[in-house]
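# Fold and geometry: a report
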Amino acid sequence: MRVVLDRMSESAWQNGLPPDAAAMQQSWRYGEAAKALGRRVHRAEITTSSQRVGIAQVLIRPLGRLGQVGLMSRGPIWEPDTSKEMRGRAISQLRRSLPGRGLRLLMSTPEDENPGILPLVTGNYVAEVPLLQDLDVMRAALQGKWRNGLAKAESAGLRLRLCDRAENLDWLLHLETAQQKIKRYQNLPATFLWAWVSCGPAGYKIYIAYAQGNPVAAMLFMIHSPGVTYQIGWTSDAGRQVSAHHLLLWRAMQDFAKSGISRLDLGVVDTVTTPGLARFKLGTGADLRKLGPTGLVLPLPSWSFRRAGKDFESGADPITIGSN
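Residues numbered from 1 in each chain as written. Predicted model: local features only at pLDDT ≥ 70, side-chain atom pairs only at ≥ 80, totals over all residues. Heavy atoms only, no water.

### Some points on the sheet that holds strand β13 (residues 263–268)
Which entries qualify depends on this criterion: We treat two strands as partners when DSSP finds at least two bridges between them. Segments assigned H or I by DSSP are reported as helices when at least four residues long, segments assigned E as strands when at least two residues long, and all are numbered from the N terminus. Only the stretch in contact is used when fitting a helix axis, every axis being a line fitted to C-alpha atoms; angles between N-to-C directions are given from 0 to 180 degrees. Residue contacts follow a heavy-atom distance rule, with two residues in contact if any of their heavy atoms lie within 4.5 Å.
Ordered in space as β9-β10-β11-β12-β13-β8-β14, the seven strands form an open sheet in which the pairing is mixed. At either end of the open sheet lies a strand with only one pairing partner, and these are β9 (159–163) and β14 (287–290). The sheet shows a mean angle of 30° between the axes of neighbouring strands, direction not considered. Relative to strand β12 (residues 227–235), strand β11 (residues 214–224) runs antiparallel, the two sharing eight bridges. Of the residues in β12, the one forming a bridge with H224 is G227. Running at roughly 165° to β13, helix α10 (residues 275–282) makes contact with β8 (125–130), β11, β13 and β14 of the sheet.

See the structure below:
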């Protein structure tokens, strides 16, 4: 097994993503945005002599003179049928392969439970909407109350506008900043979103609903084909009264499905802290999936490498750790 760092091209990385999409945090553009903000980023390809095991994007945060900690969110992206034993060996070797001096830690929030991780925070639940070309099937998957809210918005005479201009993003980010202070939550910082935008065109879409010429609701989506992530939502009292977000999200689901996007990530579902938002997300017919716990990737003990080496002597390739 071999871990090779920073050799994959953007096209090769894109081809390594599953057809039903990967999380935004493992997209090429996410890494480029982090680099634009001065963060060191490594992209790893994990292989055996005959096949790829997985790929992973790791953001490095310095710990001063002590060393560094790598952050691997929603990764690695495993090849189908990769065994749990191989996953455990692979992430431990990935940790060992990261360059740097001093303490080299690796924190992981995997898509599902992986061996070799010391859990520190319980995994969240996320809502993911499969985007289908058959819009009738997608609409039929909406829950009854959600469908009623959509019908209410459709009859309210709202005018929808699709935007991807800097002034629209600036307007929405100002509203989001004020909203965060009032509701006391945190989101991706505006600096990161601007860095995302700077990495090239077609990286985001803003949907705005207007009533009597005034904006009453807006939603921001981050595009990372073959997936898209819902990032920011804002609504006024007037927009809330006519369920404007239902119409905005339904319009976005239709547009992204037609453009070939296969999955919409609605983010974390928290039925305790934000039960209303949780109901809104699940009402779309989204699949509810539990992520693995956030934890510290553990080093394999030396006997594990010796045992693995003996196993590979029978025909598979020996373990190689390094960046070349």
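After presenting the structure, the write-up continues.
### Section: the packing of helix α5 (residues 144–154) against helix α9 (residues 244–258)
To keep it simple, the criterion reads: Angular relationships are summarised with four words: roughly parallel below 35 degrees, roughly antiparallel beyond 145, roughly perpendicular across 65 to 115, and oblique for the angles in between. Amino acids are sorted into nonpolar (Ala, Val, Leu, Ile, Met, Phe, Trp, Tyr, Cys and Pro), charged (Asp, Glu, Lys and Arg) and polar (every other residue, Gly among them).
Closest axis-to-axis distance for the α5/α9 pair is 7 Å, and the angle between their directions is 95°. The angle between the axes of α5 and α9 places the two elements in the roughly perpendicular class. From α5, W146, G149, L150, A153 and E154 reach across to α9, where they touch H246, L247, L249 and W250. The class makeup of the residues in the contact of α5 with α9 is six nonpolar, two polar and one charged.

### Structural notes on the side chain of S243
Applied cut-off: For each residue, the accessible area found with a 1.4 Å probe, counting protein chains only, is set against the maximum for its type, and the residue is called buried under 20%, exposed over 50%, and partly exposed in between.
Tracing the chain through its elements places S243 in the loop between α8 (237–241) and α9. Using a relative accessible area of 14% as the deciding quantity, one classes S243 as buried. Residue contacts for S243: discarding those within four places in its chain leaves G149, K152 and A153.

### Side note on the pattern of salt bridges
Side-chain pairs of opposite charge can arise where the charged atoms are in close proximity. This is how the line gets drawn: Salt bridges are defined by distance alone: a side-chain nitrogen of Lys or Arg within 4 Å of a carboxyl oxygen of Asp or Glu.
With the rule as written, the count across this model stands at 16 salt bridges. Among the salt bridges present, the one from K35 reaches E32, with a minimum N-O distance of 3.5 Å. Within this pair, K35 and its partner E32 are both found in helix α2 (residues 28–36), separated by three residues, close to a single helical turn. The partner of R289 in a salt bridge is E128, and the shortest N-O contact between them spans 2.7 Å.

### Topic: the layout of surface pockets
Note the following rule: In this analysis a 1.4 Å probe is tested at points of a 1 Å grid over the protein atoms alone, and where it fits but cannot get out there is a cavity; an open set with protein on both sides within 12 Å along at least five of seven lines is a pocket; lining residues have an atom within 4 Å of a point. Grid points are joined across faces, edges and corners, and a volume is the space filled by probe spheres set on the points.
Quantified by volume, the second largest pocket comes out at close to 460 Å³. Surrounding the second largest pocket, 25 residues form its lining, P18, D20, I77, W78 and E111 being those nearest its centre.

### As for the nonpolar core
Selection criterion: To form a nonpolar core, buried Ala, Val, Leu, Ile, Met, Phe, Trp, Tyr and Cys residues must be joined to one another through side-chain atoms within 4.5 Å.
One finds L131, F221, L249, F256 and L264 to be the most contacted residues of the largest nonpolar core, which totals 34 residues. Elements supplying a minimum of two residues to this core: β8, α5, β10 (204–211), β11, β12, α9, β13 and α10. If we ignore the near neighbours within four places in the chain, the residues touching L264 are A127, E128, V129, L131, F221, V228, T229, Y230, L249 and M253. Within the second largest apolar cluster, 23 residues are counted, among which are L172, L173, I206 and I232.

### Here's the deal with unusual backbone geometry
The peptide bond linking G75 to P76 adopts the cis configuration, its omega dihedral lying at 0°. A positive phi angle is found at A21, which is not glycine, with a value near 85°. Among the secondary structure elements, A21 is positioned in the loop between α1 (10–15) and α2. Positive phi, normally seen in glycine, also occurs at R184, with a value near 60°. Here R184 shows up in the loop between α6 (166–183) and α7 (190–198). The exposure class of R184 is exposed, given its relative accessible area of 77%.

### Focus on the packing of aromatic side chains
Here is the rule: What counts as a ring pair is set by centres within 6.5 Å for rings of Phe, Tyr and Trp (its six-membered ring), and what kind of pair is set by the plane angle: stacked under 30 degrees, edge-to-face over 60, tilted for all other angles.
Taken as a whole, this structure holds eight aromatic pairs when the rule is applied. Between Y30 and F192, the ring centres sit 4.8 Å apart and the planes meet at 50°, which makes this aromatic pair tilted. Of this pair, Y30 sits in helix α2 while F192 is found in helix α7, placing the two residues 162 residues apart along the sequence. Neither residue differs from the other here; Y30 and F192 are each classed as buried. Taken together, the ring pairs connect Y207, F221, Y230 and F256 into an aromatic cluster.

### Re the pairing of β10
Here β10 lies mainly inside the structure; six of its eight residues are buried. Two elements, β9 and β10, share five bridges in a ladder whose sense is antiparallel. The residue of β10 that forms the bridge with C163 is I206. Relative to β11, β10 runs antiparallel, the two sharing eight bridges. Pairing of Y204 across the sheet is with M222, part of β11.

### Points about the confidence of the model for the chain
Convention followed: The predictor attaches a confidence to each residue, and that confidence, scored 0 to 100, is pLDDT.
On average, residues of the chain carry a pLDDT of 90, and 92% of them reach 70 or more. The model gives residues 302–324 a pLDDT under 50, and that stretch makes 34 contacts with residues more than four places away or in other chains.

### Considerations on α9
In plain terms, the rule: In a helix, the anticipated span is given by 1.5 Å times the number of residues less one.
Under the 1.5 Å per step criterion, the end-to-end length of α9 is 22 Å for 15 residues, consistent within 8% with the ideal 21 Å. For α9, the tally of buried residues reaches twelve of 15 residues, placing the bulk of the element in the interior. Backbone geometry just after α9 places G260 at a positive phi near 100°.

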